[in-house]
Amino acid sequence: IYKSNYITSNLSLNFCSDQLTKQLKENLNLSPAEAEAAKRKMGLSADLARGGVKKILQPAIVKLAEEIREAKYFYTEHLEPQGSIGRIILTGNGANLKNLPATLAELTQTEVIIGNPLVNLSLGRISLPEDKLQSYNAAIGLALRQFID
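An account of the accompanying structure is given in this report.

Cut-offs applied
- Position labels on residues start from 1 in each chain and follow its written sequence.
- For this predicted model, a pLDDT threshold of at least 70 governs which residues receive local features, and a threshold of 80 or more governs which side-chain atom pairs are given and counted, while totals over whole chains, interfaces and linings are taken from all residues.
- For the side-chain quantities, the full set of heavy atoms in the structure was used; hydrogens and water were omitted.
- Take the buried Ala, Val, Leu, Ile, Met, Phe, Trp, Tyr and Cys residues and link them wherever side-chain atoms come within 4.5 Å; each set so joined is a nonpolar core.
- Relative accessible area decides the class of each residue, using a 1.4 Å probe on protein chains only: under 20% of the type maximum gives buried, over 50% gives exposed, and in between gives partly exposed.
- By definition, any uninterrupted DSSP run of H or I lasting at least four residues is a helix, any uninterrupted run of E lasting at least two residues is a strand, and each is numbered from the N terminus.
- The contact rule is simple, with two residues in contact once any of their heavy atoms fall within 4.5 Å.
- Patch rule: a residue counts if its relative accessible area is over 30% and it has no salt bridge; like charges are joined within 9 Å, and nonpolar side chains (Val, Leu, Ile, Met, Phe, Trp, Tyr) within 5 Å.
- Here the open area of atoms and residues is found with the Shrake-Rupley method and a 1.4 Å probe, where only the protein chains shown may cover a residue.
- One speaks of a salt bridge when a side-chain nitrogen belonging to Lys or Arg is within 4 Å of a carboxyl oxygen belonging to Asp or Glu.
- It is the directions from the helix axis to the C-beta atoms that the arc portrays.
- Grid points spaced at 1 Å over the protein atoms alone were grouped into cavities, where a 1.4 Å probe fits but cannot get out, and pockets, open sets with protein on both sides within 12 Å along at least five of seven lines, with lining residues defined by an atom within 4 Å of a point.
- Grid points are joined across faces, edges and corners, and a volume is the space filled by probe spheres set on the points.
- Residue polarity follows a fixed list, in which Ala, Val, Leu, Ile, Met, Phe, Trp, Tyr, Cys and Pro are nonpolar, Asp, Glu, Lys and Arg are charged, and the others, Gly among them, are polar.

Counting 21 residues, the largest nonpolar core has Leu24, Ile61, Leu90, Leu100 and Leu104 as the members making the most contacts within it. Of all elements in the fold, only α1 (17-28), α2 (32-42), α3 (52-79), β3 (87-90) and α4 (100-108) reach the threshold of two or more residues within this core. When residues no more than four places from it in sequence are discounted, the contact partners of Leu24 are Asn29, Leu30, Ala35, Ala38, Lys39, Val53, Ile56 and Leu57.

With that out of the way, let us pick up a nonpolar patch on the surface. Taken together, the side chains of Leu121, Leu144 and Phe147 define a hydrophobic patch exposed on the protein surface, amounting to about 280 Å² of accessible area. Inspection of the secondary structure puts Leu121 in the loop between β4 (111-114) and α5 (137-144).

Turning our attention to α2. Within the span of α2, buried status applies to Ala35, Glu36, Ala38, Lys39 and Met42. Take α2 and look down its axis: the buried residues cluster within an arc of 160 degrees, on one side only. Residues of α2 that are exposed and angled more than 90 degrees away from the buried face: Ala33 and Lys41. On its buried side, α2 packs onto α1 and α3. Positive phi shows up at Gly43, right after α2, with a value of about 55 degrees.

Turning next to the layout of surface pockets. A volume near 1,900 Å³ is recorded for the largest pocket. Forming the walls of the largest pocket are 43 residues, and the residues nearest its centre are Asn10, Leu11, Ile89, Leu90 and Thr91. Listed by contribution, the elements that provide at least two residues to the lining of the largest pocket are β1 (2-3), α3, β3 and α5. If you tally residues by element for the lining of the largest pocket, the top one is α3, at 7 residues. Class assignment of the residues belonging to the lining of the largest pocket gives a composition of 25 nonpolar, 14 polar and 4 charged. Considered as a void within the structure, the second largest pocket measures approximately 150 Å³ in volume. Taken together, Ser17, Leu20, Glu36, Lys39, Arg40, Asn93, Gly94, Asn96, Leu97, Lys98 and Asp131 make up the lining of the second largest pocket. Elements supplying a minimum of two residues to the lining of the second largest pocket: α1 and α2.

Another aspect to go through is unusual backbone geometry. A positive phi angle, near 50 degrees, is found at Ala49, a position not held by glycine. Inspection of the secondary structure assignment puts Ala49 in the loop between α2 and α3. Here Gln109, not a glycine, exhibits a phi torsion of approximately 55 degrees, which is positive. If you trace the backbone, Gln109 turns up in the loop between α4 and β4.

Our next topic: the environment of Pro117. Of note, Pro117 is situated in the loop between β4 and α5. Judged by relative accessible area, which is 14%, Pro117 ranks as buried. Counting along the chain gives 24 residues from Pro117 to Gly141, while the straight-line C-alpha distance between them is 8.2 Å. When near neighbours in sequence (up to four residues on either side) are disregarded, Pro117 contacts Leu133, Gln134, Asn137 and Ile140.

The structure is reproduced here in structure tokens:
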């Protein structure tokens, strides 16, 4: 929860995009590499592969949305009765899943965006590929630790 220029609390749900890859592998009899490629290419698109990949992944995404709704409820009922959560920021490699922000926004009735690990940072001459940026979250956070007293 980001409030008054501070992170007052955060929530890390037990969800990993590797779980989605495993579901595709098992349901479609694919190798791990094929399942990962299908997940990255098709994502939660209803148009690609006649929405077959989305249909397989949808139950896990619905469960994630339920956990988010429960966390929002807990926050507003127990931690900040006068407050509300206006935006969800996704981080990590799984955040790049095609149509994930839009799907979660619809399921949670909350704006969902992909976080930018470079916000407020200047890289100078260093450039990081936009589609791989989420892979660098932990490394960027660890590098910034040296600036914390």
